[in-house]
Amino acid sequence: MPHAVTVGLDGSRESAAAVDWAAREALLRGARLDIVQVRDTGPYPYSPILDDQVERDWGEQTTREAEAALARRYPALETTAQLYSGRPSKVLDTLSESSELLVLGSRGVGPVTGFVVGSVGLPAVAHAHCPVILVRNRPVREDESGDGEPPRGDVVIGLKTLDPPEEPLGFAFETAARWDCRLIAVHGWELPPSYGLRPIPVEPGLTEELTREKSEALRTFLLPWQAKYPSVRTEARTDCDWPARQLLLASTGAGLVVVGRRARSARVGTHLGSVAHAVLHHAAMPVAVVPHV
């Protein structure tokens, strides 16, 4: 049985965009696409449909429509569809154990306030066992090619330190190799707090010198990865600025932004750092959150 890419469907435009993104990625991976809908049976489920049977019928209809649309656009893609009942975050957490990738839609609320990850997406990002992709709304045309052509644009990864965990980097390089695109590694850094809380004159050229040192360290660190993935064109960028802002600026026009998340056993909390949290809410392109030890 082929490996599976799992995508959540809830009838929204965002989830429709997520299904299309996941279908293209599944084709590139040679994987099956599993479409899932989760009927919330928690203590305070929110649903615009009150009648239980009507809700079930609606779920089955939207799933059939999604499968039919995929069959027209991507005839070579193997798909399955399943309707689950339970708390969505827990169901998705369980499904992520046997998935290569979990893909979800994320609703945009404007360029200033950013994006809503939501009560389902955020717990899924925080606890999933596999990488999670959050996809923004994108109109899907019925006449689009079904050849699995990857999204256009670079893969951008944010590196908090110059000795980052391997899982996010491996995911970013593998994706760039699969998409045949450039990988941009971004390392933003800031001067020690003493330079900002109580301003102290910075020695002339200090920022430039530190930037050169960090740039050279980043390029050196990436050399073994470039040797492992020789087909991937790699660019390293470092600058003295808030890391999240550097990553968001570098990701303009990119196809995917990759951030890491430390895998923890605790069920409480988002398990996300400040940079990953900012990128999730403000990036305009798909964001991959990759768990690591």
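Residues numbered from 1 in each chain as written. Predicted model: local features only at pLDDT ≥ 70, side-chain atom pairs only at ≥ 80, totals over all residues. Heavy atoms only, no water.

Q: Sorry if this is basic, but what is going on with the packing of aromatic side chains here?
A: Pairs of aromatic rings are described using the distance from one ring centre to the other and the angle between the two planes. One pass over the full model with this rule turns up three aromatic pairs. Judged by centre distance (6.2 Å) and plane angle (65°), the ring pair of Trp 21 and Trp 179 falls under edge-to-face. On the criterion of sequence distance, the pair formed by Trp 21 in helix H1 (residues 13-29) and Trp 179 in helix H5 (residues 166-179) is long-range, its members being 158 residues apart. An angle of 25° between the planes, with centres 5.4 Å apart, marks the rings of Phe 173 and Tyr 229 as stacked. Of this pair, Phe 173 sits in helix H5 while Tyr 229 sits in the loop between helix H6 (206-228) and strand S10 (234-240), placing them 56 residues apart in sequence. A relative accessible area of 12% places Tyr 229 in the buried class. (Phe/Tyr/Trp six-rings, centres within 6.5 Å; stacked < 30°, edge-to-face > 60°. Helix = DSSP H or I, 4+ residues; strand = E, 2+ residues; numbered from the N terminus. Buried < 20%, exposed > 50% of the residue type's maximum accessible area, 1.4 Å probe, protein only.)

Q: How do you make sense of H6 when you look at a structure like this?
A: Residues spaced three or four apart along an α-helix face the same direction, because each turn holds 3.6 residues. Its 23 residues give H6 an end-to-end C-alpha distance of 34 Å, which sits within 8% of 33 Å, the value for a rise of 1.5 Å per residue. The largest bend along H6 reaches roughly 35° and is located at Leu 222, with the proline Pro 224 sitting one to four residues downstream. Of all the residues in H6, the buried ones are Leu 206, Thr 211, Ser 215, Leu 218, Leu 222 and Trp 225. Structurally, H6 contributes buried residues whose contacts are with H5, strand S9 (183-189) and S10. (Expected span 1.5 Å × (residues − 1). Bend = angle between axes of the 7 residues up to and from the residue. Contact = heavy atoms within 4.5 Å.)

Q: What is the right way to read the pattern of salt bridges from this model?
A: Counting across every chain of the model gives twelve salt bridges. Note that Asp 154 and Arg 182 form a salt bridge whose closest N and O atoms lie 2.7 Å from each other. Residue Asp 154 is located in the loop between strand S7 (132-135) and strand S8 (155-158), and its partner Arg 182 is located in the loop between H5 and S9; the two are separated by 28 residues in the primary sequence. Owing to a relative accessible area of 19%, Asp 154 belongs among the buried residues under this scheme. One salt bridge connects Arg 233 with Asp 180, and the closest N-O pair in it is separated by 3.9 Å. (Salt bridge = Lys/Arg side-chain N within 4 Å of Asp/Glu carboxyl O.)

Q: Explanation requested: the nonpolar core in the structure shown.
A: In globular proteins that are soluble, nonpolar side chains generally tend to be buried together. Counting 42 residues, the largest nonpolar core has Leu 33, Val 103, Ile 133, Leu 183 and Val 258 as its most contacted members. No other element matches the seven residues that H1 contributes to this core. Other than its neighbours up to four places away in sequence, Ile 133 contacts Trp 21, Leu 101, Leu 102, Val 103, Leu 104, Phe 171, Leu 256, Pro 286, Val 287 and Ala 288. Membership of the second largest hydrophobic core comes to 28 residues, among which are Val 36, Leu 92, Ala 124 and Val 289. (Core = buried A, V, L, I, M, F, W, Y, C linked by side-chain atoms within 4.5 Å.)

By themselves, these figures tell us nothing about what the structure is for.
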